[in-house]
Amino acid sequence: MEQIQSSKKPFYKSLTGQILIAMILGAILGVIIHNSVAVETAQEFSNKIKILATIFIRLVQMIISPLVFTTLVVGIAKLGDIKAVGRIGGKALGWFFTASFISLLIGMFYVNILKPGVGLNLSNVDVASVTDVTAKTQNLSFNNFIEHIVPKSIFEAMATNEILQIVVFSIFFGLAAASMGEAAKPIVKAMDKISHIVLKMVNFVMNFAPIGVFGAIAGVFAVRDFNELAITYFKFFGSFLIGISTLWLILISVGYFFLGKQMKELLKRIVGPLIIAFGTTSSEAVFPKLTEELENFGVKDKIVSFMLPLGYSFNLDGSMMYMTFAGIFIAQAYGIHLDLATQFTMLFVLMLTSKGIAGVPRASLVVVAATCGMFDIPVEGIALILPIDHFCDMFRSATNVLGNALATSVVGKWEEE
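Residues numbered from 1 in each chain as written. Predicted model: local features only at pLDDT ≥ 70, side-chain atom pairs only at ≥ 80, totals over all residues. Heavy atoms only, no water.

Participant: I'd like a rundown of the packing of helix α4 (residues 82–114) against helix α20 (residues 382–416), residues and numbers included.
Facilitator: Contact pair α4 / α20: the axes reach a minimum separation of 10 Å and the direction vectors enclose 140 degrees. Taken together, the axis directions place α4 and α20 in an arrangement best described as oblique. In this structure, α4 crosses over α20, and the sense of that crossing is right-handed. Residues Arg87, Ile88, Lys91, Trp95 and Phe96 of α4 form the contact with α20, whose own contacting residues are Leu406, Ala407, Val410, Val411, Trp414 and Glu415. Its residues assigned to classes, the contact of α4 with α20 comprises eight nonpolar, no polar and three charged. (Axes fitted to C-alpha atoms, helices over the stretch in contact; angles between N-to-C directions. Helix = DSSP H or I, 4+ residues; strand = E, 2+ residues; numbered from the N terminus. Parallel < 35°, antiparallel > 145°, perpendicular 65-115°, else oblique. Left-handed = near helix turned anticlockwise from the far one by under 90°. Contact = heavy atoms within 4.5 Å. Nonpolar A, V, L, I, M, F, W, Y, C, P; charged D, E, K, R; others polar.)

Below you can see the structure in the form of structure tokens.
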């Protein structure tokens with residue numbers, strides 16, 4: 001009923017409308033600040049106004065751990081047995097790895113066809129700016145990834161919002177609860193109530209979304225000369241947009257193939273989460289809202305609560321497309337030739353090392369930097385894409401949300417059939 005009532009509001013009073021207005025106002029304020037004050041003052045303003053976005057994202061992060069844990073445990077307990085979990089999990093992972101492979105392939109295809117890195121001027125690259133990213137690559141390896149999957153402590157995993165680790169613990173807990181039958185029902189019922197309380201909190205937190213988006217956009221435009229960036233990085237950003245648009249076209253086409261006319265309804269449902277992810281560059285920020293919208297769309301809560309946490313660790317389509325694109329772009333900029341076999345090896349390395357790091361700040365850049373190091377591509381080449389990365393991240397984050405909404409809806413339909 002709440003969704004029906006909200007749809008009757010004037011557009012400017014809806015959450016989606018308010019977020020769009022906040023984006024426009026934030027961009028206008030940022031441009032005014034950038035053009036009217038000294039660089040140091042603009043940087044100080046940017047640091048302070050971004051606190052609004054930080055507060056919003058922290059409010060969302062505050063409820064992610066309890067939401068993932070309670071909904072996933074309840075979902076698995078409702079599925080009832082290991083066979084059902086294995087069946088849905090198999091479908092989910094099959095979808096995730098296929099989508100990841102296609103996304104990586106699209107990035108690889110366009111960077112080879114359009115060659116945005118060829119002939120780039122490297123004289124003005126700020127190498128010092130990459131230390132924040134490269135410092136995180138030393139702990140990124142296949143062995144560390146495998147170790148990272150299993151939590152040492154569920155409390156530590158929850159405290160740091162390690163979604164993949166919470167998923168692993170929740171699966172074991174949920175299966176144990178399901179195997180106990182009636183004896184575990186009071187616990188499952190209590191967790192079900194807690195999950196609904198947390199979802200109610202989502203409605204309160206989402207009221208801060210326009211403020212968070214306003215702060216994020218104003219902060220970026222205050223310190224970035226958009227015209228200068230557009231000219232300098234026109235080829236890179238334009239090529240990236242062609243790639244991400246192709247990925248959207250494929251995802252939506254696949255959605256129509258599996259969901260038919262329902263795909264239009266799904267897109268209407270997720271417009272709000274897509275815009276929030278786009279404005280805040282955080283797909284994590286819309287996890288609770290996306291959960292609510294997918295359940296309103298008609299996907300069973302047990303499927304949503306099982307699929308979304310897995311998707312946030314294994315199904316980051318926008319980020320995957322960007323990783324091959326950015327990695328090979330850096331090689332092109334330094335004049336390093338990568339044959340097709342090497343590029344496919346890089347693709348499969350990225351397929352594995354990118355899983356489960358959704359909570360790492362600038363996760364895509366960290367993975368790209370680590371992968372460049374493995375293939376003797378200068379890691380400092382990350383500095384080439386840092387100035388434009390925020391704008392690319394807006395599109396990556398929105399694409400990740402679309403991919404997970406689609407995967408959850410399709411698997412939900414398969415299970416009904």
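Participant: Tell me about the nonpolar core, residues and numbers included.
Facilitator: Core analysis: the biggest nonpolar cluster contains 118 residues, and Phe56 and Ile385 have the highest contact counts within it. If one sorts the elements of this core by residue count, α20 sits on top with 16 residues. Other than its neighbours up to four places away in sequence, Phe56 contacts Val205, Met206, Phe208, Ala209, Gly212, Ile276, Thr280 and Ala285. (Core = buried A, V, L, I, M, F, W, Y, C linked by side-chain atoms within 4.5 Å. Buried < 20%, exposed > 50% of the residue type's maximum accessible area, 1.4 Å probe, protein only.)

Participant: Describe the packing of aromatic side chains, and please don't skip the residues or the numbers.
Facilitator: Inspection of the entire model under this criterion finds 18 aromatic pairs. Seen from their ring centres, Phe236 and Phe329 are 4.5 Å apart, and the 55 degrees between their planes marks the pair as tilted. Linking Phe236 in helix α12 (residues 234–259) with Phe329 in helix α17 (residues 317–333), this pair joins segments that are 93 residues apart in sequence. Relative to Trp414, the ring of Phe258 lies with its centre 5.4 Å away and its plane at 80 degrees, an arrangement referred to as edge-to-face. With a gap of 156 residues between them, Phe258 in helix α12 and Trp414 in helix α20 connect regions that are remote in the sequence. Looking at Trp414, the relative accessible area reads 28%, which means it is partly exposed. (Phe/Tyr/Trp six-rings, centres within 6.5 Å; stacked < 30°, edge-to-face > 60°.)

Participant: Describe helix α13 (residues 262–269), listing the residues and the values that go with them.
Facilitator: Taken residue by residue, α13 has Met263, Leu266 and Arg269 as its buried positions. Viewed along the axis of α13, the buried residues span an arc of 115 degrees, placing them on a single side of the element. Those residues of α13 that are exposed and angled more than 90 degrees off the buried face are Lys264 and Lys268. (Arc of directions from axis to C-beta.)

Participant: Account for the UniProt feature "transmembrane region" (unreviewed entry) in the protein, naming residues and giving values.
Facilitator: Sites flagged by UniProt as "transmembrane region" (unreviewed entry) map to residues 12–35, 55–80, 92–113, 163–183, 204–224, 236–259, 338–357 and 363–386. Within residues 163–183, the helical portion is 86% and the strand portion 0%, while the C-alpha atoms at the span's ends are 28 Å from each other. Each end of residues 204–224 is marked by a C-alpha atom, and these two atoms are 32 Å apart; helix forms 86% of the span and strand 0%. (UniProt positions renumbered as here; feature names shortened; annotations may be inferred.)

Participant: Break down the pattern of salt bridges for me, citing the residues and quoting the values.
Facilitator: Tallying each qualifying case throughout the model produces ten salt bridges. For Glu265, the salt bridge identified is with Arg269, shortest N-O distance 3.0 Å. Of the two residues, Glu265 and Arg269 both sit in helix α13, four residues apart, roughly one turn of that helix. Using a relative accessible area of 34% as the deciding quantity, one classes Glu265 as partly exposed. A relative accessible area of 17% means that Arg269 is categorised as buried. For Asp389, the salt bridge is made with Arg396, and the minimal N-O distance between the two is 3.1 Å. Accessibility assignment for this pair places Asp389 and Arg396 in one class, buried. (Salt bridge = Lys/Arg side-chain N within 4 Å of Asp/Glu carboxyl O.)

Participant: With reference to specific residues and values, describe helix α3 (residues 39–79).
Facilitator: With 41 residues, α3 should cover 60 Å at 1.5 Å per step; its first-to-last C-alpha distance of 57 Å lies within 8% of that length. Its axis deflected by about 30 degrees at Ile64, α3 carries its strongest bend there, up to four residues before the proline Pro66. (Expected span 1.5 Å × (residues − 1). Bend = angle between axes of the 7 residues up to and from the residue.)

Participant: Go over unusual backbone geometry, please, and point to the residues and values.
Facilitator: A positive phi is found at Lys115, a non-glycine position, where the angle reads about 45 degrees. Position of Lys115 among the secondary structure elements: in the loop between α4 and α5 (131–134). Taking relative accessible area as the criterion, Lys115 reaches 42% and is therefore assigned partly exposed. Although it is not a glycine, Asp376 adopts a positive phi angle of roughly 55 degrees. Here Asp376 falls in the exposed class, since its relative accessible area comes to 67%.

Participant: Describe in detail the side chain of Ser46, supporting the description with residues and values.
Facilitator: For Ser46, the location among the structural elements is in helix α3. A distance of 2.6 Å separates a polar side-chain atom of Ser46 from the backbone oxygen of Gly219. If sequence neighbours within four positions are ignored, Ser46 has contacts with Gly219, Val220, Ala222 and Val223. (Polar contact = N/O pair within 3.5 Å; in protein donor to acceptor, adjacent residues only side chain to side chain.)

Participant: Can you break down the environment of Ile64 residue by residue, with the values?
Facilitator: Within the secondary structure, Ile64 sits in helix α3. Measuring from C-alpha to C-alpha, the distance between Ile64 and Val198 comes to 8.9 Å, with 134 residues separating the pair along the chain. Aside from chain neighbours lying at most four places away, what touches Ile64 is Asn161, Ile163 and Glu284.

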